[in-house]
Amino acid sequence: MTVNPHTESKTPRQHWMSVLARASLKDLEQAIASLGPMPAYDVMKPAETGTIMLEGRAGGAGRRFNIGEATMTRCVVRLKDGTMGFSYALGRDKRKAQLAALLDGMLQLPTHAAILHNSVIGPLAEQQASKKIDVSRKAAATKVDFFTLVRGDG
Amino acid sequence: MYVAVKGGEAAILATHDLIAEERRGDPSIPELSVAQIREQMALSVARVMNEGSLYDRDLGALALKQAQGDVIEAAFLMRAYRTTLPRFGSSVPLDTAAMAIRRRISATYKDLPGGQVLGPTYDYTHRLFDFALMADLGSEPEAQVAVSPLDNTMPRVPDILGDEGLMEAESPPADDPRPFDLTRDPIEFPADRDVRLQTMARGDEGFLLGLAYSVQRGFGSNHPFAGEIRLGEVSVDFIPEELGFAIDLGDVTLTECQMVNQFQGGKDIPPQFTRGYGLAFGHSERKAMSMAIIDRSLKARSFGEAAEYPAQQEEFVLYHCDNVEAAGFVEHLKLPHYVDFQGELELLRKIRREQEERAAQAAQLEAAE
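Cut-offs used in this document
Residues numbered from 1 in each chain as written. Chains lettered and ligands numbered in written order. Predicted model: local features only at pLDDT ≥ 70, side-chain atom pairs only at ≥ 80, totals over all residues. Heavy atoms only, no water. pLDDT = per-residue confidence, 0-100. Core = buried A, V, L, I, M, F, W, Y, C linked by side-chain atoms within 4.5 Å. Buried < 20%, exposed > 50% of the residue type's maximum accessible area, 1.4 Å probe, protein only. Helix = DSSP H or I, 4+ residues; strand = E, 2+ residues; numbered from the N terminus. Domains from an automatic or database assignment. Contact = heavy atoms within 4.5 Å. Axes fitted to C-alpha atoms, helices over the stretch in contact; angles between N-to-C directions. Parallel < 35°, antiparallel > 145°, perpendicular 65-115°, else oblique. Nonpolar A, V, L, I, M, F, W, Y, C, P; charged D, E, K, R; others polar. Buried area = accessible area lost by both parts, 1.4 Å probe. Salt bridge = Lys/Arg side-chain N within 4 Å of Asp/Glu carboxyl O. Pairing = 2+ DSSP bridges. Patch = residues over 30% accessible without salt bridge, like charges linked within 9 Å, V, L, I, M, F, W, Y side chains within 5 Å. Areas by Shrake-Rupley, 256 points an atom, 1.4 Å probe, with all protein chains shown as cover.

### Some details on the confidence of the model for chain B
Overall, the predicted model of chain B reaches an average pLDDT of 93, with 99% of residues at or above 70. Note on the complex model: pTM 0.93, ipTM 0.93.

### Points about the nonpolar core
Considering soluble globular proteins, one finds that nonpolar side chains tend to be buried as a cluster. Counting 94 residues, the largest nonpolar core has Ile52, Leu54 and Tyr88 of chain A together with Leu249 and Ile294 of chain B as the members making the most contacts within it. In terms of residues, this core owes the most to one element, helix H4 (residues 110-140) of chain A, which gives seven residues. Lining this core are residues from two domains, each supplying at least three of them: domain 1 (2-82) and domain 2 (96-121 + 145-327) of chain B. Here Tyr88 of chain A is in contact with Met17, Ala21, Met72, Thr73 and Arg74 of chain A together with Phe238, Pro240, Glu242, Leu243, Ile247, Asp248 and Leu249 of chain B, once residues within four sequence places are set aside. Ala47, Cys75, Val77 and Ala97 of chain A belong to the second largest nonpolar core, which has five residues in total.

### Some remarks on the packing of helix H3 (residues 42-52) of chain B against helix H4 (residues 57-66) of chain B
All names here are of chain B. At a closest axis distance of 9 Å, the pairing of H3 and H4 adopts a crossing angle of 100°. With respect to each other, H3 and H4 are oriented roughly perpendicular. Residues Ser44, Val45, Val48 and Met49 of H3 lie in contact with H4, whose contacting residues are Arg57, Gly60, Ala61, Ala63 and Leu64. Of the residues assigned to the contact of H3 with H4, the class counts are six nonpolar, two polar and one charged.

### Focus on the interface of chain B and chain A
Across the boundary between the two partners, chain B contributes 79 residues, which contact 56 residues of chain A. Taken over both partners, the interface formed by chain B and chain A buries close to 6,300 Å², and the fraction arising from carbon and sulfur atoms is 62%. Area buried by chain B at its contact with chain A is led by Phe88, Asp248 and Leu249 of chain B, which between them contribute 11% of it. Inspection of the chain B/chain A interface yields eight salt bridges. When the shortest N-O distance is used, the salt bridge between Arg57 of chain A and Asp176 of chain B registers 2.7 Å. Here the element with the most residues in the side of chain B that touches chain A is strand E5 (residues 247-264) of chain B; it accounts for eight residues. Of the residues belonging to the side of chain B that touches chain A, the class tally is 40 nonpolar, 17 polar and 22 charged. With three bridges joining them, strand E1 (residues 41-57) of chain A and strand E2 (residues 87-90) of chain B adopt parallel strand pairing. Bridged to Ile52 of chain A within E2 of chain B is Gly89 of chain B.

### Side note on unusual backbone geometry
All names here are of chain B. Following Phe189, the chain continues to Pro190 via a peptide bond in cis, the omega torsion being -5°. Tracing the sequence through the fold places Pro190 in the loop between helix H6 (157-163) and helix H7 (193-201). Phi at Arg127 is positive, roughly 55°, even though this residue is not glycine.

### Here we look at a nonpolar patch on the surface
A grouping of Phe129, Phe131 and Met134 of chain B is seen on the molecular surface, where their side chains present a nonpolar patch of about 470 Å² in accessible area. Structurally, Phe131 of chain B can be placed in the loop between strand E3 (100-105) and H6.

What follows is the structure in structure tokens.
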């Protein structure tokens, strides 16, 4: 049986790949523009769009079933030193897929990792987390407070 | 039966041009962008993604634009596009317990861990027209923002009952088998739950809604409670073979409904509530609720209930809930049936001729007597 990614904590690479998958093309273009010259690389598998079948579980925890498909795009690049960069994300953005694969490759290089974490992954992760919190705070404003209704002789 | 007919190419090309012009409408009115449809017609887009069985909000919006808002035609476009793409694999089963919740309500418990979160809903609106939407508003609407976010995770309501043993258990079968996939294999009966749930997930909302309503009105013996409805974002994990570890691909929006239904028991099982489950792409509560009611009614066989009504009969439900297939078969009647019809016409003329001949002979005989 495969490990359950929902309960396993993420490795550093899983974390940055997740941040890259959730970033927009604009985010990645801006990040790359700010980095200056990029290392040379070859596209091993050009960005390709396909589908992934999304599985659910009956009742949330029971028998697996297929909900329906989603579009996804993947890409593989190889840096000069042989390091392979991969990207996988929902959607059909091929340009984003290639940039994300390149960044995944660079993030594995000790020479580039620190700067990329500081200037790209860190800020994007923070931005994604804060957006998530904003959404949750708006939902929280609609939380029903029954307590005030029954206060008193309830 | 219909036959291929040659001719009409020029007429067909002209109708393509005409429908394009019709679709555009009055050219003095600005054209809709796909992004506008995606952002402002999100509930329609969700329906198209569900019935088209493909999660992609941009494509759902494009399909609606191209189909002039015809949801079934749009779903058809999604299905057709899907067949042109390679399948990279299946996700790890999505974990709705880990959903980033935007709405979560229960009609069975007032106070529950995590609370009742109304989220974005029309439930408490007065259904009076807001004519302000017709005017150009200078200002953007602004939602209220609470100081703190919601709890990170909230227990699913049926699991609370399950902990007390009052709810039908829901656990994977031994070995956690790969689910049936109706896009690869034909449905066979009796159909297992994975087959039923996948079929309903892509089924027509209106059809499932009507059937669910029939159950409530007595054509099926269930008494459902909305144990929980939750809406929010769930991350999609995928394990590519070449890497061997899980990759988070981003989020999908899902609506999940857990119906709690009246009890059942057996020799070895004390009476307990039974479950109905619905899950849909996007914000699609009516769909998820209808699916959950029918999921329960289709358990008739396993609970030894007489399947007397349509909503309890899996062949009826599963063979007829797909609106792309249904529309295809109903609408194929528009295609030329000239030969068939000529055959019918000939037959009718022959019957009439024979009848007239018999009548004439009878009249002659009568006159002779």
